[in-house]
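Observations on the model geometry
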Amino acid sequence: MAIAFAATKLHIDVYRPVAEGGRCDMILGVGNDLLRVQCKWASLVGDVVIIRSCTFRRTRNGYRKTTYSADEVDSVAAYCNELDRCFLVPIARVEGRPALALRIAPTRNNQRRRINWADDFDFAATLEREYGAIAQLGERLRGTQEVAGSSPAGSTSDLQLLDQGVDVTGA
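In what follows, the accompanying structure is described. (Residues numbered from 1 in each chain as written. Predicted model: local features only at pLDDT ≥ 70, side-chain atom pairs only at ≥ 80, totals over all residues. Heavy atoms only, no water.)

Comments concerning unusual backbone geometry
A positive phi is found at histidine 11, a non-glycine position, where the angle reads about 60 degrees. Residue placement: histidine 11 occurs in the loop between α1 (2-9) and β1 (13-15). By relative accessible area, which is 49% here, histidine 11 ends up partly exposed. Positive phi, normally seen in glycine, also occurs at arginine 114, with a value near 60 degrees. Structurally, arginine 114 is set in the loop between β9 (99-103) and α3 (123-131). Residue classification places arginine 114 among the exposed residues on the basis of a relative accessible area of 80%. (Helix = DSSP H or I, 4+ residues; strand = E, 2+ residues; numbered from the N terminus. Buried < 20%, exposed > 50% of the residue type's maximum accessible area, 1.4 Å probe, protein only.)

Next up, the structure:
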């Protein structure tokens with residue numbers, strides 16, 4: 001729910017599956033694209049947010065551990081309750097991997113290479129970087145308000161427009 005709420009606050013359409021068992025938990029309508037998203041809980045361990053990007057399924061032969069691929073989902077979204085924060089990770093970063101570690105503070109040994117910084121995978125920042133969603137949304141909202149001439153759209157009746165001398169016949 002936190003991930004859906006984060007998307008909704010950004011005015012992104014959120015679609016949920018009708019049936020259980022699919023590989024994605026929700027679909028986000030980002031501009032003209034539909035983004036298949038697998039949702040996960042993230043844990044804070046010290047200065048690291050751990051996103052487990054695998055699943056365990058019960059089969060005839062016991063439990064089976066699987067990971068996600070680009071054929072199944074486009075991104076993994078995670079909510080960290082301890083930080084009250086959502087993250088969005090493109091599938092290319094976690095494909096075939098059981099987990100991803102995101103650092104919220106520098107390492108004790110000052111390592112800088114091969115670090116996944118949590119801020120780089122912030123939900124809104126990732127959407128803007130990967131899909132331009134935030135910038136496009138602002139442009140669309142401003143354009144809609146300018147074109148409609150009223151807010152909310154449709155709040156101006158045809159009679160009010162006729163009184164102002166506006167042709168409402170569409171001709």
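Digging into the packing of aromatic side chains
This model, assessed by the stated rule, comprises one aromatic pair. Centroid distance tryptophan 41 to tyrosine 79: 5.8 Å. Interplanar angle 65 degrees. Geometry classified as edge-to-face. In this pair, tryptophan 41 sits in strand β3 (residues 33-45) while tyrosine 79 sits in strand β7 (residues 75-80), placing the two residues 38 residues apart along the sequence. (Phe/Tyr/Trp six-rings, centres within 6.5 Å; stacked < 30°, edge-to-face > 60°.)

Focus: the pattern of salt bridges
Under the definition given, this model contains five salt bridges. When the shortest N-O distance is used, the salt bridge between glutamate 72 and arginine 23 registers 2.9 Å. Here arginine 23 lies in the loop between β1 and β2 (26-30) and glutamate 72 lies in the loop between β6 (62-67) and β7, a separation of 49 residues in the sequence. Relative accessible area serves as the criterion here: at 25%, glutamate 72 is assigned to the partly exposed category. When the shortest N-O distance is used, the salt bridge between aspartate 74 and arginine 36 registers 3.0 Å. Here the residue aspartate 74 occupies a position in the loop between β6 and β7, and arginine 36 occupies one in strand β3, the gap between them amounting to 38 residues. Residues joined in a network through salt bridges with shared partners are Arg85, Asp119 and Asp122. (Salt bridge = Lys/Arg side-chain N within 4 Å of Asp/Glu carboxyl O.)

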